[in-house]
Amino acid sequence: MEALPANILEDLEILWDYHNMHHEPRHSDIGIGLGSHDVGVAVFAAELFRKGFFPRVVFTGANAPTTIERFPRGEAVHYREEAVKLGVPADRILVETRATNTGQNIEFTRTLLAGHGISVLSVTLVSRPYQQRRAYATCKKLWPEVEVTCASASLPLADYIDAIGDANRVANMIVGDTQRITKYAELGFAIPQEMSAEVRHAYDRLVAAGYTSRLI
């Protein structure tokens, strides 16, 4: 794996910390594992379930161009299989297989739960580490009445890059998620989030360095 230059890693660390909501795990009515290319979401959701943080988990996600090869049967289906291997009872898992973006993850999960007669007042959103802030902002826009806790595996950026095995992919994804914080709020898809000058400057430098493949 090609190493990223030190200045690029420094800027990515700034964005990495920004996207972490730094929520402490707490009990909630449901865990929601947001589909992506990272099976670590399912692994951490299973860990939180086993520790008793929620009594049931929903895995949500169809496929995207970045996941179709890794999860050919769909993100949520593969997540479910991984969670069952890790000890989560199959009857404690619901699967939502249509969502192709974070907004749909939230909307379709809400509909799925209502269809099963499951009422929730609090949710734990389990996601990639750099998706936390966007997931939070999206959920608070689309499902404002629930209490939201964000959760991800607690990994340093360097360890996460090693786990994914593709430094450039991770860098581009983090930059893309940073853009979406502002862009999606402007479009009405999410609530606004504060962004410091330090974060904005780090983002601008990474865009100028060519990490633009996930920009919209």
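Residues numbered from 1 in each chain as written. Predicted model: local features only at pLDDT ≥ 70, side-chain atom pairs only at ≥ 80, totals over all residues. Heavy atoms only, no water.

A. Structural view of the packing of helix α6 (residues 157–164) against helix α7 (residues 167–187). α7 packs onto α6 with a crossing angle of 120 degrees between their chain directions and a minimal axis gap of 8 Å. As summarised for this structure, α6 and α7 are arranged oblique, according to the angle between their axes. As for the relative orientation of α6 and α7, their crossing is right-handed in sense. Judged by residue contacts, Leu157, Tyr160, Ile161 and Ile164 of α6 engage Ala167, Arg169, Val170 and Ile174 from α7. For the contact of α6 with α7, the per-class residue count stands at seven nonpolar, no polar and one charged. (Axes fitted to C-alpha atoms, helices over the stretch in contact; angles between N-to-C directions. Helix = DSSP H or I, 4+ residues; strand = E, 2+ residues; numbered from the N terminus. Parallel < 35°, antiparallel > 145°, perpendicular 65-115°, else oblique. Left-handed = near helix turned anticlockwise from the far one by under 90°. Contact = heavy atoms within 4.5 Å. Nonpolar A, V, L, I, M, F, W, Y, C, P; charged D, E, K, R; others polar.)

B. Here's a closer look at the pattern of salt bridges. The tally for this structure, following the rule as stated, stands at six salt bridges. Between Glu81 and Arg73 there is a salt bridge, with the nearest N and O atoms lying 2.5 Å from each other. (Salt bridge = Lys/Arg side-chain N within 4 Å of Asp/Glu carboxyl O.)

C. Just the pairing of strand β2 (residues 57–60), in detail. Taking every second residue as pointing to the same face, both faces of β2 are buried, with Val57 and Phe59 on one and Val58 and Thr60 on the other. With four bridges connecting them, strand β1 (residues 30–34) and β2 associate as parallel partners. What sits directly across from Gly31, in β2, is Val57. Once you follow β1 into helix α2 (residues 40–50) and on to β2, the crossover reads as right-handed. Sheet topology note: the β2/strand β3 (residues 93–96) ladder contains four bridges and is parallel. (Buried < 20%, exposed > 50% of the residue type's maximum accessible area, 1.4 Å probe, protein only. Pairing = 2+ DSSP bridges. Right-handed = clockwise from strand over helix to strand, strands pointing away.)

D. Here's a closer look at helix α3 (residues 75–85). Glu75, Ala76, His78, Tyr79 and Ala83 are the residues of α3 that are buried. Buried residues of α3, seen end-on, are gathered within an arc of 160 degrees and therefore sit on one face of the element. On the buried face of α3, the contacting elements are β1, α2, β2 and β3. Just downstream of α3 lies Gly87, where phi reads positive at about 105 degrees. (Arc of directions from axis to C-beta.)

E. Up close: the sheet that holds β3. The strand order β3-β2-β1-β4-β5 describes an open sheet built from five strands, whose pairing is parallel. Single-partner strands in this sheet number two, and they are β3 and β5 (147–151). Going across the sheet, the axis of each strand differs from the next one's by a mean of 20 degrees, ignoring polarity. Of the strands in this sheet, β1, β2 and β3 are in contact with α3, which crosses β3 at around 165 degrees. The strands touched by helix α4 (residues 102–115) within the sheet are β1, β2, β3 and β4 (122–126), with β3 carrying the most contacts at an inclination of about 130 degrees.

F. Representation of the environment of Leu15 in the model. By the secondary structure assignment, Leu15 is in helix α1 (residues 6–19). Linking Leu15 and Asp91, residues 76 residues apart in sequence, is a C-alpha distance of 38 Å. The residues touching Leu15, leaving out its near neighbours within four places in the chain, are Ile174, Val175, Thr178, Val199, Ala202, Tyr203 and Leu206.

G. View of the pairing of β1. Among the five residues that make up β1, five are buried, leaving the element largely enclosed by the rest of the structure. Both faces of β1 are covered, namely the face carrying Ile30, Ile32 and Leu34 and the face carrying Gly31 and Gly33. Note: β1 against β4, four bridges, orientation parallel. Counterpart to Ile32 in the pairing with β4 is Leu125.

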